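Architecture and fold: a report
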Amino acid sequence: MMKDPFGGMLLNIAFRLLVPFSLVYAVYVLILGESSPGGGFQAGVVMGFGIILARLILGEDAKIFNVRIETSLVLAGCGTFIYALAGWLTLVGGGKFLDYSFLPVSMEATHELHALGILMIETGVTICVMMTILNIMDAVVRRSED
Amino acid sequence: MRGFVITVLALLTGLFCSSVLFLPVIGDPDSAPNQHISPVYISQSELDTGSPNIVTGTLADYRGFDTMWETTVMYLSGLTAVLILSKSTMGRRPEKEDDYE
């Protein structure tokens, strides 16, 4: 947890522009990653940037951005698990591991199943990258505050 | 012992450096990576994966298992950073004062 905020009124106002923009842009990068440059890793970095910016500017006042280190460790593991879950779902559907044509969802076209599988694993990657960045920052901040 | 290690390291460095001479020229269309799998990925990526982005198709679909463990490595690196930087003394070697003498 960051106790002291960083900067004054100017940064507090810039926060209202920068943080929502970076969070929305991260979701855009994640969802359009299938058909344009981008993807899970980049989306995670941009989202982690938005959250770190919010915590640097607001300090203790950044209510939902102050993820506790235990929570962020668990969520990083959950992101990795979502990825592996996509693989297990294809095994349940009767295919090979991570063969998205066999996802147990009824869709007509095979390439739509592939798009769904790619979106699912990239969501997992995004959560893992974002929470790993928060983990490292939390560990450094905690050590310097003690 | 020290001289032996230095000799072995120098020998290995020489071997690795000399292997650069046998590498294909950058951009050579006849080299093995450009002959074997790349044309298949480039021509089949959109049909196989449904993604117009070849990078995403390769990263998430053809090489999905590889990316899964990459994500795991990232998680483990974050966990390790937290464990190293934390103040918790659990599992640490007990510090003795006479170690510093």
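Rules used in this analysis
Residues numbered from 1 in each chain as written. Chains lettered and ligands numbered in written order. Predicted model: local features only at pLDDT ≥ 70, side-chain atom pairs only at ≥ 80, totals over all residues. Contact = placed C-beta atoms within 7 Å. Helix = DSSP H or I, 4+ residues; strand = E, 2+ residues; numbered from the N terminus. Core = buried A, V, L, I, M, F, W, Y, C linked by C-beta atoms within 7 Å. Buried ≥ 20, exposed ≤ 12 C-beta atoms within 10 Å, placed from the backbone. Axes fitted to C-alpha atoms, helices over the stretch in contact; angles between N-to-C directions. Parallel < 35°, antiparallel > 145°, perpendicular 65-115°, else oblique. Left-handed = near helix turned anticlockwise from the far one by under 90°. Nonpolar A, V, L, I, M, F, W, Y, C, P; charged D, E, K, R; others polar. pLDDT = per-residue confidence, 0-100. Expected span 1.5 Å × (residues − 1). Bend = angle between axes of the 7 residues up to and from the residue.

What about the interface of chain B and chain A?
- Listed by partner, the interface residues are 23 residues for chain B and 34 residues for chain A.
- If you list the elements that add at least two residues to the side of chain B that touches chain A, you get α4 (54-62) and α5 (64-85) of chain B.

Describing the nonpolar core
- Membership of the largest hydrophobic core comes to 35 residues, with the highest contact counts inside it found for A:A54, A:C128 and A:M130.
- When residues of this core are traced back to their parent elements, those giving at least two are α1 (9-32), α2 (40-58), α3 (69-92) and α4 (110-145) of chain A together with α4 and α5 of chain B.
- Looking at this core, the element that brings in the most residues is α4(A), giving 11 residues.

A closer look at the packing of α4(A) against α5(B)
- In the contact formed by α4(A) and α5(B), the axes pass within 8 Å of each other and the chain directions differ by 15 degrees. In terms of their interaxial angle, α4(A) and α5(B) are classed as roughly parallel. When you trace α4(A) past α5(B), the crossing you get is left-handed. Residues A:I121, A:G124, A:V125, A:C128, A:V129, A:T132, A:N135, A:I136, A:A139, A:V140 and A:R143 of α4(A) form the contact with α5(B), whose participating residues are B:G64, B:T71, B:M74, B:Y75, B:G78, B:A81, B:V82 and B:L85.
- Considering only residue class, the contact of α4(A) with α5(B) consists of 12 nonpolar, six polar and one charged.

Focus: the confidence of the model for chain B
- Confidence in the prediction of chain B, expressed as mean pLDDT, is 84, and 88% of residues score 70 or more.
- For this predicted complex, the interface score ipTM comes out at 0.84, while the overall pTM is 0.81.

A closer look at the packing of α4(A) against α4(B)
- Put simply, α4(A) and α4(B) touch, their axes get as near as 10 Å, and they point 80 degrees apart. If you check the angle between α4(A) and α4(B), you find them roughly perpendicular. Facing A:H114, A:I118, A:I121 and A:E122 of α4(A), the residues of α4(B) in contact are B:T56, B:A60 and B:D61.
- Across the contact of α4(A) with α4(B), the residue classes tally to three nonpolar, two polar and two charged.

Some points on α1(A)
All names here are of chain A.
- Taking 1.5 Å of rise per residue, 24 residues should cover 34 Å, and α1 covers 35 Å from first to last C-alpha, within 8% of that figure.
- At F15, α1 shows its strongest bend, of approximately 35 degrees.
- Against the buried residues of α1 lie α2 and α4.

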